[in-house]
Amino acid sequence: MSDYTFKLAMFTTELRLPYDRAFSKAKEIGADRLWYAPSAGDLPFEAMTDADMDRIGECAEQHQTDIFLLCGGRKFKKVHLCDLDLDYMAEHPEFQEAREELNAAMKMAARLKISAVATFTFAWPGEYTAGKPTWPMRWMTRGGVISDLDMDKLVRAFTLLAEDADRYDVDLPLCMMPWNYTNTTEHMRQVIEAVGSPRLKTVWGPADTMNCGESDTATRGFQNVRPYLHTLHIKDLQVIDGLKCEFEYCPIGEGDVDFPTVLRNLRDHQIDAVISIATHFKPESGSAEEAMRINFANMKALIDGVGD
C-alpha cells in the first residue's frame, strides 16, 4: 500500500464570503489549506495595509488553516496580449495595473510567509469581444497556435513577472483558463520552458484543458505539467458542443474529467501538489456553500476509491 497522502484545499473565493467567514466555513467543510483571493467585500490586494494583511494571516491561524497560495494576478486574465507592444510592454497601462495587483499580492505573501502567488496569463485575441471569433480555431487545434511573436511577448512578460517574484522570494504558478494562453498543458509547458525561470510553476485545471479539446489531459496532460505541478484547480464540466463553446459545469465526478486517473497519477508518481477544490456549478438551491460541500464530499469519495 502507498503511504501517499492527498493534500486537499479550498479556493475560498468560491464561497463568495468575506475572508473571516470563508476561512471558518472552509475549516468546517474540511479544508486545512486555503487558496485565497479577495472576495465579497474584502479589500483588494493593492489597498491592503500591513495591518490588513496581518489580520488575514491571524484569521487563518485562528481557524487552524494554512494559506498556501494567493491568487494575485487576476487582472491579467483580461489583458489582451495582442494589445501589448513587445518593446514597450512594461509601459502599457493595463499591464502596469495588473502587475501592480500581482506585486501587492507578492508583498502580502512575503509578509505572511506564503510561498507562492498565482497569476493568469493573458487573453487570446478577440476573447472578450462579442462572439469569441477565434474560439472555433482554438477548439479545432486543441487550444490554438501560439505565434512566434506571441511567444516572444509571453517570454518578455513572464520574465518581468518572475523577476518580481525573485524580489519577494515567492514562486509564480500560472493558472489555466480556456480563454488564456496557458489553456492547455501543451501551452503551459511551452511557456514555462521558453521562459526558463524556476519561479514558474503550474496550477493545473483538468476541466479547463478538457474545455479546449485536450481530451487526454489526465494522461498526456499530466506528463506535460508533472515537472512544474504546484496546485490542481479542481472542478468538473460536460462539453456539449466544443466547436460552439457549449459546456456545462457540474459536480465533481459527474462530468468529462477522468479524476480517478488524475488521482492515481498523483499517487503513483508521489507528486507533492495540492488539490484545491472549486465549484463553478450551482445546485438547485443556488447555495455556494452547498456546491462546495458537494464537491468536497465527491472528491473525498474519489480519493477513497483510488485504491480499489
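These numbers were taken from a predicted model, which means no experiment stands behind them. (Residues numbered from 1 in each chain as written. Predicted model: local features only at pLDDT ≥ 70, side-chain atom pairs only at ≥ 80, totals over all residues. Heavy atoms only, no water.)

K.L.:
Can you tell me about the pattern of salt bridges, naming the residues and giving the values?
P.N.:
Under the definition given, this model contains 25 salt bridges. A salt bridge links Asp166 to Arg199; its shortest N-O distance comes to 2.8 Å. Within this pair, whereas Asp166 is found in helix α5 (residues 148-168), its partner Arg199 is found in the loop between α6 (185-195) and β6 (200-204), the two being separated by 33 residues in sequence. Judged by its relative accessible area of 15%, Arg199 is buried. The network of salt bridges with common partners includes Lys25, Glu28, Glu289 and Arg293. (Salt bridge = Lys/Arg side-chain N within 4 Å of Asp/Glu carboxyl O. Helix = DSSP H or I, 4+ residues; strand = E, 2+ residues; numbered from the N terminus. Buried < 20%, exposed > 50% of the residue type's maximum accessible area, 1.4 Å probe, protein only.)

K.L.:
Would you mind going over the side chain of Asp164 in detail, with residue names and values included?
P.N.:
Within the fold, Asp164 resides in helix α5. On the basis of relative accessibility, which here comes to 0%, the residue Asp164 falls in the buried class. A polar contact of 3.0 Å, which involves the side chain of Asp164, links it to the side chain of Asn103. Not counting chain neighbours up to four residues away, the residues in contact with Asp164 comprise Arg99, Asn103 and Met106. (Polar contact = N/O pair within 3.5 Å; in protein donor to acceptor, adjacent residues only side chain to side chain. Contact = heavy atoms within 4.5 Å.)

K.L.:
I'd like a description of the environment of Cys59, backed by residues and values.
P.N.:
Looking at the secondary structure, you find Cys59 in helix α2 (residues 50-62). A C-alpha to C-alpha distance of 15 Å links Cys59 and Leu70, two positions eleven residues apart in sequence.

K.L.:
Requested: an account of the nonpolar core, with residues and values cited.
P.N.:
Phe122, Leu266 and Met299 are the most contacted members of the largest nonpolar core, which totals 101 residues. Not counting residues within four places of it along the chain, the set of residues in contact with Leu266 comprises Tyr4, Phe6, Phe222, Leu229, Leu232, Ile271 and Ile275. (Core = buried A, V, L, I, M, F, W, Y, C linked by side-chain atoms within 4.5 Å.)

K.L.:
Report on unusual backbone geometry, specifying residues and quantitative values.
P.N.:
For Arg142, which is not glycine, the phi dihedral falls at a positive 55 degrees. By secondary structure assignment, the location of Arg142 is in the loop between α4 (135-140) and α5. A relative accessible area of 28% places Arg142 in the partly exposed class. For Cys245, which is not glycine, the phi dihedral falls at a positive 60 degrees. The residue Cys245 is located in the loop between β8 (236-241) and β9 (246-250) in this model. A relative accessible area of 18% means that Cys245 is categorised as buried.

K.L.:
Which residues make up the pairing of strand β3 (residues 66-73), and what values go with them?
P.N.:
Across the eight residues that make up β3, a large majority, seven, are buried. Two strands pair when backbone bridges link them, and strand β2 (residues 33-36) and β3 are joined in this way by four bridges, in the parallel orientation. Considered in β3, the bridge of Arg33 is made with Asp66. For the segment spanning β2, α2 and β3, crossover handedness is right-handed. Summarising the sheet, β3 and strand β4 (residues 117-119) pair through three bridges and their orientation is parallel. Bridging across to β4, Leu70 finds its partner in Val117. Considered for its hand, the β-α-β crossover made up of β3, helix α3 (residues 93-112) and β4 is right-handed. (Pairing = 2+ DSSP bridges. Right-handed = clockwise from strand over helix to strand, strands pointing away.)

Function cannot be read off these values alone, since they describe shape.
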